[in-house]
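Architecture and fold: a report
The lines below spell out each chain.
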Amino acid sequence: MKLICIGRNYTAHIEELEHATPEAPILFLKPDTAILLKKQPFFIPDFSENVQHEVEVLVKINRVGKYIDKKFAHKYYSEIGLGIDFTARDVQEALKAKGLPWETAKAFDGAAVVGKWMPKSEITDCNSLNFSLQKNGTVVQRGNTSQMIYKIDALIEYISKYFTLKIGDIIFTGTPAGVGRVEANDKLKGFIEDKELFSITVK
Ligand code: MG
């Protein structure tokens, strides 16, 4: 399985990092080895001084598809989740400055937190979901899927032009504003509405 991640999908986050708004979704991949194992702490890698949290709504693909039309995209997922796209920001900035790919900043072991899943049947509208990240008990990131520049179904249409989507693939739909550095002993908890979907410790 693969993790397909979307960059710059929330205007307020684009502004905080002083990026331009993309003309099309920005895609990158993480391998399955990036998934943080259940109940394990996140270890800050020794190659970065500035690992940042990016809380993101996740979509789990439940059937194989290629060239999926936006109109039918809703048939390709039945669960929504929440996770973190951990980013070694210092590494990423150095790579970006040289026009190089981001993998060492984004795809390292543990860089993808995948929380519990919620069945779509329990969700009234996937395009109007509040989600948040708490760090040590304080909300540091808050978003609503209605603020996504490219909504879930449009993302599935776009991604499936390039990559065949397979059962179990996970889409990271982009982070809202409020990204920040993590430090040893931080506790990160993620919520969709008032449901806690993950809780991890940083080491
Ligand atoms: Mg991200």
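Shown above is the structure to which this text applies.
Reading guide: rules and limits
Residues numbered from 1 in each chain as written. Predicted model: local features only at pLDDT ≥ 70, side-chain atom pairs only at ≥ 80, totals over all residues. Heavy atoms only, no water. Salt bridge = Lys/Arg side-chain N within 4 Å of Asp/Glu carboxyl O. Helix = DSSP H or I, 4+ residues; strand = E, 2+ residues; numbered from the N terminus. Buried < 20%, exposed > 50% of the residue type's maximum accessible area, 1.4 Å probe, protein only. Contact = heavy atoms within 4.5 Å. Pairing = 2+ DSSP bridges. Axes fitted to C-alpha atoms, helices over the stretch in contact; angles between N-to-C directions.

Any two side chains of opposite charge can pair, given that their charged atoms come close. Enumeration over the complete set of coordinates arrives at 11 salt bridges. For Lys2, the salt bridge identified is with Asp169, shortest N-O distance 2.6 Å. Residue Lys2 is located in the segment before strand E1 (3–7), and its partner Asp169 is located in the loop between helix H4 (152–162) and strand E10 (170–172); the two are separated by 167 residues in the primary sequence. Under the relative-accessibility criterion, Asp169 is labelled buried at 1%. The salt bridge involving Arg181 is made with Glu183; its shortest N-O contact spans 3.7 Å. On the accessibility criterion, Arg181 (39% relative accessible area) is partly exposed.

Before going further, it helps to spend a moment on H4. Buried within H4 are the following residues: Ile152, Asp153, Leu155, Ile156, Tyr158, Ile159 and Ser160. In this structure, the buried residues of H4 make contact with E1, strand E2 (26–30), strand E4 (55–61), strand E5 (77–85) and E10.

This part takes up the sheet that holds E5. One open sheet accounts for six strands, arranged E2-E1-E10-E4-E5-E7; its pairing is mixed. Every other strand in the sheet has two partners, leaving E2 and strand E7 (112–119) as the edge strands with one partner each. Taken pair by pair, the neighbouring strands of this sheet meet at an average axis angle of 30 degrees, ignoring direction. Examined bridge by bridge, E4 and E10 share three bridges and lie antiparallel to one another. Residue pairing in the sheet places Val59 in a bridge with Ile171 of E10. Packing against the sheet, H4 makes contact with E1, E2, E4, E5 and E10, and its axis sits at approximately 85 degrees to E5.

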